Structures are given as structure tokens and as C-alpha cells.
Amino acid sequence: MMIDDLLEGLHHYFWSKPKRLIALGGAVRNIVFGWLAVGLYANVGVKAASIVSATARGVSTSQMSISQLYPSLPTWWIPESAISFILLIAAFGLGIRLTLAGKKLDRFMKHYV
């Protein structure tokens, strides 16, 4: 019963003003884009540091992690695996979908409501 009221309230909140849905989609898209950029930057840094440390030690391979490169920073939120990048790309698609749905709803309401 409480979940139904919550969902109905959310439904009314976004459908009464489609600009809110457009703003939510834009915010999700921008946050996820930044998150992806940080993840890619960190992974490139890890690869570069692994290559340099392996070359300096004379070892053929050396695998470092993001937490070893930045020991003083919390790195639990930085994506490192393919699964986390796939989930972020899906969230980016969700942000785009929310924006497009909000724009479509806004056009509908301008013409028919």
C-alpha cells in the first residue's frame, strides 16, 4: 500500500511538469558521463603505471590497482571491471531515455493539454 502511494506520487510529480523529467535525465546522464570519464582515466593510469613498474623491475608483467596508485583516496566508487562499465553505460542510456521521454511528454502537453 505504501509503495503504491509512493509510485503514484512520483508519477504525478514527473507527469505534472515534464521539465522535471528532462532535468532528471540530464542529471543522470551528466553524472554517469563524469563517472565513466574518471573510470577510464583511472584505468589508463593503472595500465601506464603497470607498464612502467614492470619495465623498471625487469619483469614481464606487473598488475597494479587503482587503490595502489591513490592510497589516500577512497577508490571504491571507481569502475575497474567490464561489468561496472557496462552498468554505467546502461545508466547513461537510462539518462538519455528519461530526457527523451520528458521531451516527448512536454511536446504532448503543449499541444493537447
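Residues numbered from 1 in each chain as written. Predicted model: local features only at pLDDT ≥ 70, side-chain atom pairs only at ≥ 80, totals over all residues. Heavy atoms only, no water.

Draft legend 1. Here's a closer look at a nonpolar patch on the surface. Taken together, the side chains of Ile31, Trp35, Val38, Trp76 and Trp77 define a hydrophobic patch exposed on the protein surface, amounting to about 570 Å² of accessible area. Along the chain, Trp77 turns up in the loop between helix H3 (66-69) and helix H4 (82-112). Overall, the relative accessible area of 33% leaves Trp77 in the partly exposed class. (Patch = residues over 30% accessible without salt bridge, like charges linked within 9 Å, V, L, I, M, F, W, Y side chains within 5 Å. Areas by Shrake-Rupley, 256 points an atom, 1.4 Å probe, with all protein chains shown as cover. Salt bridge = Lys/Arg side-chain N within 4 Å of Asp/Glu carboxyl O. Helix = DSSP H or I, 4+ residues; strand = E, 2+ residues; numbered from the N terminus. Buried < 20%, exposed > 50% of the residue type's maximum accessible area, 1.4 Å probe, protein only.)

Draft legend 2. Layout of the pattern of salt bridges. Scanning all chains against the criterion turns up two salt bridges. Of the charged contacts in the structure, one is a salt bridge between Asp106 and Lys19, with a shortest N-O distance of 3.2 Å. With a gap of 87 residues between them, Asp106 in helix H4 and Lys19 in helix H2 (residues 18-57) connect regions that are remote in the sequence. Looking at Lys19, the relative accessible area reads 51%, which means it is exposed. When the shortest N-O distance is used, the salt bridge between Lys110 and Asp106 registers 3.7 Å. Placement of both Lys110 and Asp106 in helix H4 is noted, with a separation of four residues, approximately one turn of the helix. Among the residues examined, Asp106 registers a relative accessible area of 12% and is labelled buried. Members of the salt-bridge network, linked through shared partners, are Lys19, Asp106 and Lys110.

Draft legend 3. Representation of the confidence of the model for the protein. Here the protein averages 89 in pLDDT, while 96% of its residues score no lower than 70. Ranking the helices and strands of the protein by mean pLDDT puts H4 first, with 94, and H3 last, with 82. (pLDDT = per-residue confidence, 0-100.)

Draft legend 4. How the structure looks around H4. When the terminal C-alpha atoms of H4 are compared, their 45 Å separation across 31 residues agrees well with the 45 Å that a helix rising 1.5 Å per residue should span. Taken residue by residue, H4 has Phe85, Leu88, Gly95, Leu98, Thr99, Gly102, Leu105 and Asp106 as its buried positions. Close packing links the buried residues of H4 with helix H1 (2-16) and H2. (Expected span 1.5 Å × (residues − 1). Contact = heavy atoms within 4.5 Å.)

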